[in-house]
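Results of the structural survey
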Amino acid sequence: MTASDHDLLHAWRAGDRKAGGALFERHFDAVARFFRGKLGDDVQDLVQRTFLDLVESQEKVNADASVRAYLFGIARHRLVDHLRAQAVRHVDPAVTSLAELGTSPSAAIARRDEQRLLQVALRQLPIEQQITIELAYWENFRAPEIAVAMGIGANTVRGRLARARDALRELLGRLQADPTLVAALTQDVLRRSREFDHAE
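Since this is a predicted model, take the numbers as computed values, not measurements.

**Looking at the overall build of the protein**
In terms of regular secondary structure, the protein is built from 10 helices and zero strands. Sequence-distant contacts, at least 24 apart, represent 66% of the contacts inside the protein between residues at least 6 apart. Put simply, the protein shows about 10,800 Å² of open surface, and 49% of that area lies on carbon and sulfur atoms.

Quick look at the structure:
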């Protein structure tokens, strides 16, 4: 029987390094993807610090909340702290976008035209909106998990996600790109939206 994330975290905090390794392996790819999508490939330190924060935190993860959501909440805080340390101006993740900060992720993130266009549009959203969309559609978080990761009320998630989707569709429409690609991506956003709305 596979141990739950809660069991692994409890064992890790009690000194079981094997449990820590199992939890790290289980969620490493998703956390690394979270940082790479915003900062490029050189994110190993941020990933490790995120897991270190998880094990060192004395805060008890609510049994009703997933460890994964809590972990992404830590990753979000680490990202904002990193951006603030690097920026020459104030960073407010509710309104500041990565495009405004001039961060440049690796070109390897998006090889296909559709992926590149979507990445450009996502990076122009405020950071909080970008993270919300990524958690919902790429990490398949449900609304309660997004609420934990983002530090907001569960009732706020749908409204924030709806605003983020609308902003993303508008950005895709404004980008100077092949209209066929824009239409395909807009349809993909709508499809993912419907899947999320019916997942609850």
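**Details of the packing of helix α4 (residues 67-86) against helix α8 (residues 143-150)**
Viewed as axis vectors pointing N to C, α4 and α8 meet at an angle of 35 degrees, and their least axial separation amounts to 7 Å. Read as a crossing pair, α4 and α8 show a hand that is right-handed. On α8, the residues touching Arg68, Ala69, Tyr70, Phe72, Gly73 and Arg76 of α4 are Glu145, Val148, Ala149 and Met150. Of the residues contributing to the contact of α4 with α8, the split by class is six nonpolar, one polar and three charged.

**Description of the packing of aromatic side chains**
For the coordinates displayed, the defined rule picks out six aromatic pairs. Among the aromatic residues, those joined into a cluster by ring pairs are Phe34, Phe35, Phe72 and Phe141. Taking the ring centre of Phe34 as reference, the NZ or CZ of Lys38 above it sits at 4.0 Å.

**Here's the deal with the side chain of Ser97**
Turning to its location among the elements, Ser97 is positioned in the loop between α4 and α5 (98-101). For Ser97, a relative accessible area of 2% gives the class buried. When near neighbours in sequence (up to four residues on either side) are disregarded, Ser97 contacts Arg123, Gln124, Leu125, Pro126 and Ile127.

What counts, and where the lines are drawn
- Residues numbered from 1 in each chain as written.
- Predicted model: local features only at pLDDT ≥ 70, side-chain atom pairs only at ≥ 80, totals over all residues.
- Heavy atoms only, no water.
- Helix = DSSP H or I, 4+ residues; strand = E, 2+ residues; numbered from the N terminus.
- Contact = heavy atoms within 4.5 Å.
- Areas by Shrake-Rupley, 256 points an atom, 1.4 Å probe, with all protein chains shown as cover.
- Axes fitted to C-alpha atoms, helices over the stretch in contact; angles between N-to-C directions.
- Left-handed = near helix turned anticlockwise from the far one by under 90°.
- Nonpolar A, V, L, I, M, F, W, Y, C, P; charged D, E, K, R; others polar.
- Phe/Tyr/Trp six-rings, centres within 6.5 Å; stacked < 30°, edge-to-face > 60°.
- Lys NZ or Arg CZ within 6 Å of the ring centre and 35° of its normal.
- Buried < 20%, exposed > 50% of the residue type's maximum accessible area, 1.4 Å probe, protein only.

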